[in-house]
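Coordinates in review
Listed below are the residues making up each chain.
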Amino acid sequence: MSQIPNKEVLKIVVVGHVDHGKSTVIGKLLYDTKSLPEGAVEKVRKIAKETGKPFEYAYLLDAFEEEQKQGITIDTTQIQFQTTKRDYVIIDAPGHKEFLKNMISGAASAEAALLVIDAKEGVQEQSRRHAYMLSLLGIKKVYVIVNKMDLVDYKEEVFNVIRQEMSTFLGALGVYPLKYIPISAFYGENITSQSDKMPWYKGTPIIEGIDAIERDKGIEDKPLRLPIQDVYKFDDRRIIAGRIESGQLKVGDKITIYPEGKTTHIKSIAYWAERDQKEQGFAGESIGIIVEDEFFNKRGEIITHETNPPLVAESFRASIFWMGKEPLTIGKKYKIKLATEEIEGEVSSIIKVIDATSLDSNVTHQQVELNGVAEVIINTKEPVVFDVFRESPVTGRFVMVDGYDVAGGGIITQKEGETVSFSIFRGNGLEARTDIFDEFYYSIEDYNIKKATSYGQVYEIGDSIPLQSKSFKYPSYFDILVLRDHVAISIKEGKVVDIVSLQNYTYSGYPVVNGRGFEVNVHSNEELAHFIGTYSKVQNKEADEEERLSEQWLTIETYRRLAWGR
């Protein structure tokens, strides 16, 4: 008998304001595609009758009867769903502020997201907070679902206003939605089939949209990361168990076990029955390996190959979202959960606190309040193994526990002690250091102009960049000339599309900025050559000559502005 091939699985988190209809969207989707478990509809009808409410698709996702009586979703619900293309795990995350801790635990494992917004109410504070959390968790595959279009008579102009507002906000976070889809979940418009109520919308309904999402490719080709879950002793064998988060391994491979850096070889891969015997393991598989040398191994260590090792340190810089009952404070002890590791740590410095709804930042805070977002430095009691989140999400993401409660979540942006005060563009064997994302603001407390550095973000070809923040706003198409590194970067639709040496760059017709984000006033290849030639002549000369060059060729205020701050 032939085996049925396993379909791929995609996890999608659904977020949005509590009253914007998230659960109705999912319930209707499951109902229309006959993906509900047996008896679910009857259970909901019974509950609706008891509470005196009409039948609601949203109740299909509520985990307990008490939650239905309250009329809100207060637990993160995961439910299976399938199409002919793939299987899905739909994660319904709660929308109330006080339930964000459930949301972050649900969202952390998702590859894609649906952000639901009520067409009549428009973008709310919680919509922005959830959008920020998606960016914090590194979820870039986002669909914005504009629900309840029936309440605004399916008007295109209402949809366009919301799309413009969210595009501006998300663009500042480096998130560029794959699609904006107008729907009415209550009436099933644009859920599983094209709606005739919105002939102006030429895109796909939700079901076709999520089927079009491409899963991350090449995770098996990334560096090996195998966090140790546990070590089991069977007979004379010690089996090291864990899940391969990225890369692959095979019998005979030389491996390194961090943080101590012990090296050994894989002797065999454990199996229960002869039919399960294998010589290789790949990303996504839970596996048990036996190694040649008898080391003392423990939960929390990470197995890698010799090449592309992880980072090991007692201090790292991170962006966090705080959900604790008590404010996060400097010096207080917290439990840090990173992959399978659990270790004591503390915040040694709060670099800045960010308002997740407006993206305003404050560099003078000494604590982070409930629902606050901040950039911090964390010190751990012992060396911990990790990666920068951009390179490896699973080993670059962590949770903070205060007492017995999950109080925060965050992503690692760099190993502390390796401070890089530039944003870096890297590709085609070239590297350029820029300041174009640094923030400049006028302090209303001490009447000084201050700078908030972007601290070493690395952008490669294909990456999205932030186009807008409090003190800069760049066009979707432009070129960056980093004269000190002799590199030119091409940006199209907010993404890095090419990185070339300055000598191979030709004027594209798009706006041009220098490495600090100032407009370069060139409009032809001739003017470009004149500008670069003039710059070369004044290098290492008197400051007044460089000042004359800047006045002739550069305009600060085209894309830069001074923001208010403290």
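Computed from a predicted structure; not experimentally measured.

If you tally the helices and strands in the chain, you get 9 helices and 35 strands. Looking at the chain residue by residue over its 566 residues, the buried ones come to 50%. In the chain, of all internal contacts separated by at least 6 residues, the share reaching a separation of at least 24 is 68%. Summing over all exposed atoms, the chain offers an accessible surface of approximately 27100 Å²; the carbon and sulfur share of this is 48%.

Right, let's get into the pattern of salt bridges. Under the criterion given, the structure shown has 18 salt bridges. The partner of Lys 333 in a salt bridge is Glu 346, with the nearest N and O atoms 2.6 Å apart. Here Lys 333, found in strand β17 (residues 333–338), pairs with Glu 346, found in strand β18 (residues 341–354); they are 13 residues apart in sequence, far enough to count as distant.

A few words now on empty space enclosed by the protein. Inspection of every chain in the model, using the stated rule, returns 1 cavity of 30 Å³ or more. Of the volumes computed, that of the largest cavity is approximately 50 Å³. Ile 12, Val 14, Val 25, Ile 26, Leu 29, Ile 90, Leu 114 and Ile 210 are the residues that line the largest cavity. Listed by contribution, the elements that provide at least two residues to the lining of the largest cavity are β1 (9–16) and α1 (22–32). Take the lining of the largest cavity: its biggest share by element is 3 residues, from α1.

This part covers the packing of aromatic side chains. Per the stated rule, a full pass over the model turns up 15 aromatic pairs. Geometrically, the ring pair formed by Trp 322 and Tyr 334 is edge-to-face, given 5.4 Å between the ring centres and 75° between the ring planes. Placement of Trp 322 in strand β15 (residues 311–322) and of Tyr 334 in strand β17 is noted, with a sequence separation of 12 residues between them. The exposure classification of Trp 322 matches that of Tyr 334, with both residues buried. Their ring planes at 45° and their centres at 6.4 Å tell us that Phe 425 and Phe 437 sit as a pair that is tilted. Taken together, the residues Phe 425 in strand β24 (residues 423–427) and Phe 437 in the loop between β25 (430–434) and β26 (439–443) connect sequence positions 12 residues apart. Neither residue differs from the other here; Phe 425 and Phe 437 are each classed as buried. Joined through ring pairs, the aromatic side chains of Phe 425, Phe 437, Tyr 459, Phe 472, Tyr 474, Phe 478 and Tyr 559 make up one cluster.

This paragraph deals with the sheet that holds strand β7 (residues 226–234). The 6 strands are arranged β7-β8-β13-β11-β10-β14 in a closed barrel whose pairing can be described as antiparallel. Strand-to-strand twist in this sheet, taken as the mean axis angle between neighbours without regard to direction, amounts to 50°. Pairing of β7 with strand β14 (residues 302–305), which is carried by 2 bridges, proceeds in the antiparallel orientation. Counted as the bridge partner of Leu 226 is Ile 303 from β14.

Looking now at the side chain of Asn 514. The residue Asn 514 is located in strand β32 (residues 512–514) in this model. On the accessibility criterion, Asn 514 (11% relative accessible area) is buried. Beyond its immediate sequence surroundings of up to four residues, Asn 514 is in contact with Ile 436, Ile 480, Leu 481, Val 520 and Leu 554.

Paired through their backbone hydrogen bonds, the strands of a sheet run either parallel or antiparallel. One open sheet holds the 3 strands; their spatial order is β25-β24-β28, and the pairing between them is mixed. Sheet topology places β25 and β28 (458–460) at the edges, where each strand pairs with a single neighbour. Neighbour-to-neighbour, the strand axes of this sheet turn through a mean angle of 20°, independent of strand direction. Two strands pair when backbone bridges link them, and β24 and β28 are joined in this way by 3 bridges, in the parallel orientation. Paired with Ile 424 across the two strands is Val 458, which belongs to β28.

The grouping of Tyr 232, Phe 234 and Trp 272 at the surface amounts to a nonpolar patch, some 410 Å² of accessible area in total. In this fold, Trp 272 is placed in the loop between β11 (262–269) and β12 (280–282).

Take the confidence of the model for the chain next. Within the chain, residue pLDDT values average 82, and 82% of them lie at 70 or more. β14 holds the highest mean pLDDT among the elements of the chain, 96, whereas helix α3 (residues 65–70) holds the lowest, 41. Every residue in residues 63–74 is under pLDDT 50, and counting partners more than four places away or in other chains gives 27 contacts. The low-confidence segment residues 96–100, where pLDDT is below 50, has 17 contacts with residues more than four positions distant or belonging to other chains.

Here we come to the nonpolar core. Ile 12, Met 166 and Ile 210 are the most contacted members of the largest nonpolar core, which totals 63 residues. Ranked by the residues each element gives to this core, the list is headed by strand β4 (residues 112–118), at 6 residues. Judged by nonpolar contacts, the second largest core, of 23 residues, contains Ala 313, Trp 322, Ile 350 and Val 368.

Counting buried positions along α1 gives 9 out of 11 residues, so the element sits mostly inside the fold. The complete set of buried residues in α1 reads Lys 22, Ser 23, Thr 24, Val 25, Ile 26, Gly 27, Lys 28, Leu 29 and Leu 30. Once α1 ends, the next one or two residues include Lys 34, with phi positive near 55°.

With that settled, the discussion passes to the pairing of strand β13 (residues 286–291). Buried residues dominate β13, accounting for 5 of its 6 residues. Of the pairings in the sheet, the one linking β11 to β13 comprises 3 bridges and is antiparallel in character. Residue Ser 268 lies in a different strand from β13, and its bridge partner there is Ile 290.

Position of Gly 324 relative to the elements: it lies in the loop between β15 and β16 (328–329). Counting along the chain gives 76 residues from Gly 324 to Met 400, while the straight-line C-alpha distance between them is 9.2 Å. Residues in contact with Gly 324, not counting those within four places in the same chain, are Leu 370 and Ala 407.

What counts, and where the lines are drawn
Residues numbered from 1 in each chain as written. Predicted model: local features only at pLDDT ≥ 70, side-chain atom pairs only at ≥ 80, totals over all residues. Heavy atoms only, no water. Helix = DSSP H or I, 4+ residues; strand = E, 2+ residues; numbered from the N terminus. Buried < 20%, exposed > 50% of the residue type's maximum accessible area, 1.4 Å probe, protein only. Contact = heavy atoms within 4.5 Å. Areas by Shrake-Rupley, 256 points an atom, 1.4 Å probe, with all protein chains shown as cover. Salt bridge = Lys/Arg side-chain N within 4 Å of Asp/Glu carboxyl O. 1 Å grid on protein atoms, 1.4 Å probe; cavity = no way out; pocket = protein on both sides within 12 Å on 5 of 7 lines; lining within 4 Å. Points joined across faces, edges and corners; volume = space filled by probe spheres on them. Phe/Tyr/Trp six-rings, centres within 6.5 Å; stacked < 30°, edge-to-face > 60°. Pairing = 2+ DSSP bridges. Axes fitted to C-alpha atoms, helices over the stretch in contact; angles between N-to-C directions. Patch = residues over 30% accessible without salt bridge, like charges linked within 9 Å, V, L, I, M, F, W, Y side chains within 5 Å. pLDDT = per-residue confidence, 0-100. Core = buried A, V, L, I, M, F, W, Y, C linked by side-chain atoms within 4.5 Å.

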